[in-house]
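# Coordinates in review
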Amino acid sequence: MTQISYGLFSELLLVRIHGRAEVYLQASGAERSALVAACRSEATVPDLAQRILSRTIYAQASSRIGPLRELLQNALDASPPGARIDVRSSEDGRELSVTDHGRGMTRTELLTDLLVPFRSGKQGDPEAIGEHGIGFFSALEIAPWIEVVTATPAGGHRLLIAPLGKGPRYEDFSWTLLPLPSLPPEPPPGSAGAQLPPRPPRPPRPPRHSPTGTSVRLSLAQRLSRPALAAEVAAAAALVDPTAARIYVDGALVNTARGRLRRVAEVPLRLPPSGEPVGALELLVGRGEGIAPQLTITQRGLTVAAQLDPFPGPELGLHRELARAITAAGFGLVAELPLGVPLNKGRSAVAASASEAVAAALLAAFERFILRDALYDRELLRAVDHRLASVLDRLVGAALLGENIAIASAQRLDERDPAARTPTVAAPEQVIRFANGLLDAPLFRSLVARAEEAPEGAAGAAGAATGTAPRRGRLRWESAPLTLRELLEAHRAGVLRPMESAPREEARRTARWPAGAAREAAGAPPEELVYLAVDEPLAQAFWRRLATLDGGGAAAQQAAPGAAAAAARAPGAGPCPMPRTSRDVLLSTAGGVPGVGAAAAAMGILERIDAAISASADLPASPIWVHQDLYGPDEMAHTDGSGISVNLASGRVRALLTAVLVRDDAIAFSALVDLLLHEKTHVSLASYVPRPAAEHGTSFYRRKDWMRRRLLAGIASGAVADPMRWLTSARRGVSSAALPAPAELARAFEGAAAAA
């Protein structure tokens, strides 16, 4: 083959279009010029090659992240598992390089694969991502001057690329290919020093191997700072598994987020029209540095697309609300595509031919995650804000009202008679199955008491003499997770009770079946009693919905004592407003209300958490206040841009504070930290970020994640004291951990206002 050392991109593309690429590469200089002229004379559009080249280079990437991802993808495909990939930049920000230690490229591969658009040496490789042959060309949009140095065991080459004409956009690019000098051969044994006296034998030296790999050096059209480079490489490759490659930017490892992800669902994926399986879509969930609170679609860990709202359309409202609740708490969802899924040419989205199949697999994976994992993950439930409970609250309300899970399109509705309508939870069939799955998932921690048959003898004779039912033996207690549908049946049967009303464990051995009017209110004695916990978010949503629908009826009244004592206000009670107040005012105004001392201790704990967050983020400490029902019953906390006020009437807040005060619950404490981080982020952004972004935009969650990282780093280094160590001193002098009843606090402040 003739050693071509110079040429134009458009010439290589032109001869490839006309099917004469091999002849061009083997021809001499004069023959190549004649061949290019002949191809141009045959072309219908004389400048077709230049047009294709321009669209290939300038129409693929919308930002620097795209070309960087392409270069990292090429390096990842060429590297062995676990190899190191280095991205380095110059101090002036004018140059950057991407270096791998893979197999390198031969001269033929450089000329026939790298420099020819729409041709890829990875076609047919099941482990490679790229297949369109345009990835390298996208780098020319941000760097018109490129140097590629590559080495294989057989030798190395240096490729220089430079633009032609004025640009950007440049009309064409030239390339120059030079061989790299090879290493001097190893001297044969005994050739040197043959005339010298014999020496003691030395251990044999290992054979020398020339290093292999490829380095791409870009001369950028615009300066790029090192922090910006690290951020953009992380956006493209932070989720790459370190076992596949370790990616460094100026010496710092950037793909560390994969260790904070866990796989929660896997769904086989088949692509039309053949229906052949191409692998499985994996759904991963995690939270922390490098994991954005959104859905990120990846392939081999490289980012393909990011979606803040993964389930558009009104028919997927239930899925969308659950996804929003999870991401609002800082969790990220990652959908890892199998390598068989085709992407578009810019690799920024799934190809149109596969998008429908991928969307269906993602929907199925999300449902499996919710039904089999998320609703049983106590840490996730504690961290997710009240919106997750609100989703279940809506589902509970629909079921309690007797709504049928039916397909809306199959119903016959009379617009003039609203009573003739059959309410629905969702319309499409797959959503209906999901809603039914939520109703039938064993989500609720419960205690079931069943009566044993009374033994014959005195107990049986006593029952016959008094005329009571014969089933009055001892109780058999079972701890069982119950479904929402089972709880609704227990509620309708009148046998549902709060867990706190159940006898203590030592008293259960002698407890007997209750008798009397309460037992026979339903017309027949119940076969069992069901005790439901009240200190968990989903259970609180259930009790709250019962109270709303019953209007303070029997079920609500039965639940009220335990709920008020453990976590939430008494079900059925209306709003209990109390103005925003400091700890001193709380003690002076309502000091005689039982539980105010515990509330003051809880405020001290919140102050310590705020102090730790403020110190780690270089922010001033915020005043800590408490209020009740000023911004709605579901709001846990509120900020005016400086101070942070916590809603003492919120069931979730009361559950978290009680768990921390009673048993130093680490999960509840971390949820309080997350709550304060959320409000402190509002405080830090209130002065200089537009209100929509300061509320719950991308800037807000990035800032919150940054503050969380600063807090954890400060505690780990000892620069910030761990606020959890202060719990013992915060409880000092507090006789009871029971918080004050919201209604009593409201009456105390109403009385003080009337007296004033």
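What this report covers is the structure whose coordinates are included nearby. (Residues numbered from 1 in each chain as written. Predicted model: local features only at pLDDT ≥ 70, side-chain atom pairs only at ≥ 80, totals over all residues. Heavy atoms only, no water.)

Below, the discussion takes up the sheet that holds strand S17 (residues 496-498). Across the sheet, four strands lie side by side as S16-S15-S18-S17; this open sheet has mixed pairing. Edge positions in the sheet fall to strand S16 (475-483) and S17, since each has one partner strand and no second. Between one strand and the next, the sheet's axes are offset by a mean angle of 30°, whatever the strand orientation. With five bridges joining them, strand S15 (residues 442-451) and strand S18 (residues 528-532) adopt antiparallel strand pairing. Opposite Ser446, over in S18, you have Leu532 as the bridge partner. Those strands touched by helix H15 (residues 484-493) are S15, S16, S17 and S18, and its axis lies near 125° from that of S16. (Pairing = 2+ DSSP bridges. Helix = DSSP H or I, 4+ residues; strand = E, 2+ residues; numbered from the N terminus. Axes fitted to C-alpha atoms, helices over the stretch in contact; angles between N-to-C directions. Contact = heavy atoms within 4.5 Å.)

Moving on, we get to the environment of Val249. Its location among the elements puts Val249 in strand S8 (residues 245-249). Linking Val249 and Asp86, residues 163 residues apart in sequence, is a C-alpha distance of 6.1 Å. Beyond its immediate sequence surroundings of up to four residues, Val249 is in contact with Val87, Leu229, Ala230, Val233 and Val254.

When you tally the buried positions in strand S2 (residues 83-89), you get five out of seven residues, the bulk of the element. Pairing geometry for S2 and S8, over five bridges, is parallel. Bridge pairing in S8 links Ala83 to Ala245. The pairing of S2 with strand S3 (residues 95-100) spans four bridges and is classified as antiparallel. Considered in S3, the bridge of Arg88 is made with Ser97. Counting the residues between successive antiparallel strands, the hairpin from S2 to S3 contains five residues, one of them, Gly93, with a positive phi of roughly 75°. (Buried < 20%, exposed > 50% of the residue type's maximum accessible area, 1.4 Å probe, protein only.)

What follows deals with the sheet that holds strand S5 (residues 155-164). The mixed open sheet is built from nine strands, whose spatial order is S1-S6-S5-S4-S7-S3-S2-S8-S9. Two strands in the sheet have a free side with no partner beyond their single neighbour: strand S1 (6-8) and strand S9 (252-253).

Here Pro579 is to be found in strand S19 (residues 578-581). For Pro579, a relative accessible area of 44% translates into the label partly exposed. For Pro579, the contacting residues outside a window of four places in its chain are Val626, His627, Leu630 and Phe749.

Okay, the packing of aromatic side chains next. Counted under the stated rule, the structure contains five aromatic pairs. One aromatic cluster is present, built from ring pairs that chain together Phe9, Tyr170 and Phe173. Its guanidinium or amino end placed over the ring of Tyr248, Arg84 lies 3.8 Å from that ring's centre, counting from NZ or CZ. (Phe/Tyr/Trp six-rings, centres within 6.5 Å; stacked < 30°, edge-to-face > 60°. Lys NZ or Arg CZ within 6 Å of the ring centre and 35° of its normal.)

Structurally, Ala151 is set in strand S4 (residues 145-152). Looking at Ala151, the relative accessible area reads 19%, which means it is buried. Put simply, Ala151 and Leu180 are 29 residues apart on the chain and 8.3 Å apart in space, counted from C-alpha to C-alpha. Once residues lying within four places of it in the same chain are set aside, the contact partners of Ala151 are Arg103, Gly104, Gly156, Pro211, Thr212 and Gly213.

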